Amino acid sequence: MMRLTRAVLAAAAIASAVLTEARADDYADLLALFQSWRATETPARLDGAPDYTRAGLAKRRAAVATLRDRLDAMDVGDWSTAQQIDYAIVRAEMNGFTFYLDVLKPWSRDPAFYKQVWTYQSDTPSHEGPVNHALIELWTYAFPLSPEAQDKLATDLRTVAPLLAQARGNLTGNARDLWVAGAKTMETQSADLAALRERLENPSIPLLAALTQAQGATAEFARWLKAQAPQKDGPSGIGKDNYTWMLQNVHLVPMTWEDEVALLRRELKRAHASLRLEEHRNRNLPPLEPVATPEAYEERALDRVDKYVAFMTDNAIVPPADYLAPALLERIGAFVPAEKRNFFHQAMHREPMTLWTHFYHWWDLALMNAAPHESPVRRGPLLYNIWDSRAEGVATAMEEMALHAGLYDDNPRAREIVWIMQAQRAARGLASLYAHADEMTMAEASAFHVKWTPRGWMKPNLDLLGFEQQLYLRQPGYGTSYVTGKALIEELFADRMRQRLEEAGADYPPSAFFAELDAAGVIPVSLIWWELTGEAAPAATE
């Protein structure tokens, strides 16, 4: 049985112990190597699009191997803990590159990898899941477009056709679920491009030409994918051993596939048990009804932003900051009719604060913007979603932490929503584990997800369901990162609070912990553990 112990850094401890005969004493060498690594990780262009052909990948593999030899030759034993953590991050990213090349292979197995058009900003440091190197971030454009913006967008759109032409030769995999879901993803891109055309006012001739070409290429590519789908009959999971290697060596999560299964099973049943007790406790209270009008929704959402920020700062849960309220106010959403509500709309229309707690994401992004980390290695998003245990773990942990801190003491029925969300996160993550072990198809994982989400809030026909299970199949470890990251954060919180209280007495509120956590950067929790406690860790299973 898995047991989470007081330290969580086995993988990073191994990385920091790499000592070879060749020597590179200067931390500056690591920073220079980091810049070279990031430049090498970015593919060269082929016909204007990133090159994911076999020949292109082989060149990158050889170049990265040379950089890896330099990394392994560094003697980091005398470096500071912070510097050794940066070393562990670079090593993990290079491991991620190897994992992509040898196991995940999104350019050959996953048609959704070729999606370029994004209409919204991710709430995490970078997009969730594998993405190509030529993204078109429509959400960054201000409409109506200026002449300069039209030129830039036209240039971006010209990469679509050559990338999709290349994709037809690259996509040689046989992962059926990824293929079928990827065809739908590209149909969505086609619809997004059509919607973009409707938004344009007085578009230039070059922009219209580029858009027309991109629309045609995307529609034809989606048709090609659907035509090829009947020939695809292979599994989409990566297997237990590959999954465990990825967890420990790329995401630096000191668990195995089996450890995560045990944890998520426990958390799923704990959430359901806690929900039943909350319902029993509240049995004489009226149900928590959703708001019925757009006006009521906006009024409640705005009120709850103020209430939530005041609660978190007045009670020293998080440190005060100028960006706390504005970051939430930009994402309060809007009223959604009952028949169109997805899982999260159900919560937001009843008690928005149950989602505001998870919106720690936006505080992360605001802080990264306002006060970039002093280390270039940690300043921007880590590659390959290596940030997931920290980003999703803190956001999910805060949902329950705020409950226990008393956020809903005046509204007990809202506590039920927290347990519903915890159950949903455990159900979808557990399903993704079975999918990666090829014990479930994506359809079966989705059915499990629906079955174990309370109150029927996750329905089989919701776009959200398909999006989530596709993402977790595309990005191993992401579906579980909410729950495993939460467990690691809670473990770190407990041990760091104990450690600091022994040193400083009562003068260490939760806000001091979260200030330290934020200062470390959005990096794996195991590395934050090392930085905060000064201790390395045994593996999760003993």
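None of the values given here were measured: they were computed from a predicted structure.

## Description of the overall build of the chain
Scanning the chain for helices and strands turns up 24 helices and four strands. Computed over the C-alpha atoms, the radius of gyration of the chain is 24 Å, within 12% of the 24 Å expected from 2.2 N^0.38 for a compact globule of 542 residues. Across its three principal axes, the chain shows a C-alpha extent of roughly 65 × 65 × 50 Å. Sequence-distant contacts in the chain: of pairs separated by 6 or more residues, those separated by 24 or more amount to 79%.

## Topic: helix α16 (residues 360-370)
Inspection of α16 places Y360, H361, W362, W363, D364, L365 and A366 among the buried residues, and these make up the whole buried set. Where α16 is buried, its residues touch α12 (294-314), α13 (324-329), α15 (353-356), α18 (388-405) and α23 (510-520).

## Remarks on the layout of surface pockets
Over the atoms rolls a probe the size of a water molecule, and in doing so it shows where empty space is left. One number sums up the size of the second largest pocket: a volume of about 830 Å³. Lining the second largest pocket are 37 residues, and of these P125, S126, H127, P381 and L382 sit closest to its centre. The set of elements that each furnish at least two residues to the lining of the second largest pocket consists of α2 (27-41), α4 (81-104) and α16. In terms of residue count, α16 provides more of the lining of the second largest pocket than any other element does, five residues in total. In terms of residue class, the lining of the second largest pocket is built from 19 nonpolar, eleven polar and seven charged.

## Some details on the environment of E128
By secondary structure assignment, the location of E128 is in the loop between β3 (117-118) and β4 (136-137). In this structure E128 touches S122, D123, N385, W387, E392, F467, L471, Y478 and Y482, once residues within four positions along its chain are discounted. At 3.4 Å, the side chain of E128 and the side chain of Y478 are in polar contact.

## Thoughts on the pattern of salt bridges
With the rule as written, the count across this model stands at 35 salt bridges. One salt bridge in this structure joins E187 and K226, with 3.2 Å as the shortest N-O distance. Of this pair, E187 sits in helix α8 (residues 176-199) while K226 sits in helix α9 (residues 205-228); the two residues are 39 residues apart in sequence, bridging distant segments of the chain. Judged by relative accessible area, which is 35%, E187 ranks as partly exposed. One salt-bridge network, held together by shared partners, links E267, R270, E400, K486 and E490.

## Observations concerning the environment of T441
Position of T441 relative to the elements: it lies in the loop between α19 (413-436) and α20 (442-451). Relative accessible area serves as the criterion here: at 36%, T441 is assigned to the partly exposed category. When the C-alpha atoms of T441 and A65 are compared, they prove to be 35 Å apart, with 376 residues separating the residues in sequence.

## Let's talk about empty space enclosed by the protein
Taken as a whole and assessed by the stated rule, the structure comprises three cavities of 30 Å³ or more. In this structure, the largest cavity encloses a volume near 40 Å³. Taken together, F143, P144, L145, Q150, R199, L200, E201, P203 and L207 make up the lining of the largest cavity. For the lining of the largest cavity, the residue count by class is six nonpolar, one polar and two charged.

## Details of helix α7 (residues 160-170)
Taken across its eleven residues, α7 has eight buried, putting it largely inside the fold. The complete set of buried residues in α7 reads V160, A161, P162, L163, L164, Q166, A167 and N170.

## A closer look at the packing of aromatic side chains
Under the defined criterion, the tally for this structure stands at 30 aromatic pairs. Here the aromatic rings of F448 and W452 are separated by 6.4 Å at their centres, their planes lie at 40 degrees, and the arrangement is tilted. F448 sits in the buried class, given a relative accessible area of 16%. Relative to F513, the ring of F493 has its centre 5.0 Å away and its plane inclined at 80 degrees; by these criteria the two rings are edge-to-face. Here F513 lies in helix α23 and F493 lies in helix α22 (residues 478-504), a separation of 20 residues in the sequence. An aromatic cluster is defined as three or more aromatic residues linked by ring pairs; in this entry it consists of Y52, Y100, W107, F113, Y114, W179, F221, W224 and Y384. Directly above the ring of W118 sits K115, whose terminal nitrogen or CZ lies 4.6 Å from the centroid. Geometry around Y482 places R428 over its ring, the cationic atom sitting 4.2 Å from the centre.

## A few points about the confidence of the model for the chain
With 94% of its residues at a pLDDT of at least 70, the chain reaches an overall mean of 93. Ignoring residues within four places in sequence, the model shows residues 1-24, a span with pLDDT below 50, making 76 contacts including any to other chains.

## Here's the deal with the environment of E490
Positionally, E490 belongs in helix α22. Exposure remark for E490: the relative accessible area of 28% places this residue in the partly exposed category. As a C-alpha pair, E490 and A44 span 446 residues in sequence and 42 Å in three-dimensional space. Ignoring sequence-local partners within four residues, the contact set of E490 consists of E400 and M401.

## What about the nonpolar core?
One finds W37, Y114, L153, L157, Y308, W356 and M398 to be the most contacted residues of the largest nonpolar core, which totals 168 residues. With 14 residues, α19 is the largest single contributor of residues to this core. Aside from chain neighbours lying at most four places away, what touches Y308 is L328, M353, W356, T357, W363, M398 and L407.

## Looking at unusual backbone geometry
Here the residue pair F143 and P144 is connected by a cis peptide bond, since its omega of 0 degrees sits within 30 degrees of zero. In this structure, P144 sits in the loop between β4 and α6 (147-157). One non-glycine residue, K105, adopts positive backbone phi at about 45 degrees. Here K105 is to be found in the loop between α4 and α5 (106-109). Within the chain, R455 stands out as a residue other than glycine whose phi angle is a positive 65 degrees. Examined against the element boundaries, R455 turns out to sit in the loop between α20 and α21 (463-474).

## Thoughts on the side chain of R413
Note that R413 resides in helix α19. Given a relative accessible area of 14%, R413 falls into the buried group. Separated by 2.9 Å, the side chain of R413 and the backbone oxygen of N282 make a polar contact. A distance of 2.8 Å separates a polar side-chain atom of R413 from the backbone oxygen of L285. Each residue touching R413, except ones within four places of it in the same chain, is listed here: E279, N282, R283, L285, P286, P287 and L288.

Calculation notes
- Residues numbered from 1 in each chain as written.
- Predicted model: local features only at pLDDT ≥ 70, side-chain atom pairs only at ≥ 80, totals over all residues.
- Heavy atoms only, no water.
- Helix = DSSP H or I, 4+ residues; strand = E, 2+ residues; numbered from the N terminus.
- Rg over C-alpha atoms; globule rule 2.2 N^0.38 Å.
- Contact = heavy atoms within 4.5 Å.
- Buried < 20%, exposed > 50% of the residue type's maximum accessible area, 1.4 Å probe, protein only.
- 1 Å grid on protein atoms, 1.4 Å probe; cavity = no way out; pocket = protein on both sides within 12 Å on 5 of 7 lines; lining within 4 Å.
- Points joined across faces, edges and corners; volume = space filled by probe spheres on them.
- Nonpolar A, V, L, I, M, F, W, Y, C, P; charged D, E, K, R; others polar.
- Polar contact = N/O pair within 3.5 Å; in protein donor to acceptor, adjacent residues only side chain to side chain.
- Salt bridge = Lys/Arg side-chain N within 4 Å of Asp/Glu carboxyl O.
- Phe/Tyr/Trp six-rings, centres within 6.5 Å; stacked < 30°, edge-to-face > 60°.
- Lys NZ or Arg CZ within 6 Å of the ring centre and 35° of its normal.
- pLDDT = per-residue confidence, 0-100.
- Core = buried A, V, L, I, M, F, W, Y, C linked by side-chain atoms within 4.5 Å.

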